[in-house]
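Breakdown of the fold
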Amino acid sequence: MTPPDAVNPYGAAPPPPEGSGSRRPRTVDYSFWAGIACPIIGFVLLALSFSVITDAELEMILGEAGAAGGQTLTLDQARALFRVTMAIVVVFCLVLAGLWIMFLIFMRNGRNWARIVITVVGALWFLLTIPTVIGGATGAVLTTLAAVLQLAALAATIIYAYLTPSNPHFQPRTTPPGHF
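From a predicted model like this one, the values you see are computed outputs, not experimental measurements.

So, on to the packing of helix α2 (residues 26-51) against helix α4 (residues 75-108). The contact between α2 and α4 brings their axes to 10 Å, and the two run at 175°. Compared by their axis directions, α2 and α4 come out roughly antiparallel. When the residues that make up the contact of α2 with α4 are grouped by side-chain class, the tally is 21 nonpolar, two polar and two charged.

Looking now at the nonpolar core. Judged by nonpolar contacts, the single largest core of 17 residues is most densely connected at Phe32, Cys38, Trp100, Leu104, Met107 and Ile118. Listing elements by their share of this core, those giving two or more residues are α2, α4, α5 (112-134) and α6 (141-162). Of all the elements, α2 adds the most residues to this core, at six residues. In contact with Leu104, other than residues within four places in its own chain, are Ser31, Phe32, Gly35, Ile36, Ile118 and Thr157.

This part takes up the side chain of His169. With respect to the secondary-structure elements, His169 resides in the segment after α6. Polar contacts involving the side chain of His169 include one to the main-chain carbonyl oxygen of Arg108, which spans 2.8 Å. In terms of polar contacts, His169 uses its side chain to reach the backbone amide nitrogen of Gly110, at 3.3 Å. With residues up to four places along the chain from it excluded, the contact list for His169 reads Arg24, Pro25, Val28, Met107, Arg108, Asn109 and Gly110.

With that out of the way, let us pick up the pattern of salt bridges. This structure, assessed with the given rule, holds three salt bridges. Residue Asp29 is joined to Arg108 by a salt bridge in which the shortest nitrogen-to-oxygen separation is 3.0 Å. Here Asp29 is found in helix α2, whereas its partner Arg108 is found in helix α4, with 79 residues between them in sequence. Accessibility assignment for this pair places Asp29 and Arg108 in one class, buried. One salt bridge connects Asp76 with Arg79, and the closest N-O pair in it is separated by 2.7 Å.

Rules of the game
- Residues numbered from 1 in each chain as written.
- Predicted model: local features only at pLDDT ≥ 70, side-chain atom pairs only at ≥ 80, totals over all residues.
- Heavy atoms only, no water.
- Axes fitted to C-alpha atoms, helices over the stretch in contact; angles between N-to-C directions.
- Helix = DSSP H or I, 4+ residues; strand = E, 2+ residues; numbered from the N terminus.
- Parallel < 35°, antiparallel > 145°, perpendicular 65-115°, else oblique.
- Nonpolar A, V, L, I, M, F, W, Y, C, P; charged D, E, K, R; others polar.
- Core = buried A, V, L, I, M, F, W, Y, C linked by side-chain atoms within 4.5 Å.
- Buried < 20%, exposed > 50% of the residue type's maximum accessible area, 1.4 Å probe, protein only.
- Contact = heavy atoms within 4.5 Å.
- Polar contact = N/O pair within 3.5 Å; in protein donor to acceptor, adjacent residues only side chain to side chain.
- Salt bridge = Lys/Arg side-chain N within 4 Å of Asp/Glu carboxyl O.

Structure follows, in structure tokens:
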């Protein structure tokens, strides 16, 4: 029989047998995928919101600005300003979506702080989306439907992250020194 030190001179514990490791609960995976759906639905909502702005509405806004004594723009200038604004909003939303997905990945990997961040940001996102549902214009049925879907995905993300099967996944683990 070989002494244990001869097999492993560094004294490390042998690797666990195949299949004995802790598995991530399905509820955490459900939370992750519901969270991934949130920015996707958000971009659909954004596209729907931008698509309803017409030249007639831009002209109406220009007329109101002129009547209020503001600086008047031509319709072409207003269109250009609208396009620049759309580009800035899309870039901003892409950055936010990237951060959201990063926190979802950390949460999926068992980081409780990420679950808390997702809860706080998700709650704020939820509150900011509610006016779209409540005050939805009569002609914006698709926008209202997308907002309702987004609220459902946000709620599912947070609820699944806190269900009883999910909680052990976020408990601190004891790792050997030097392992992260």
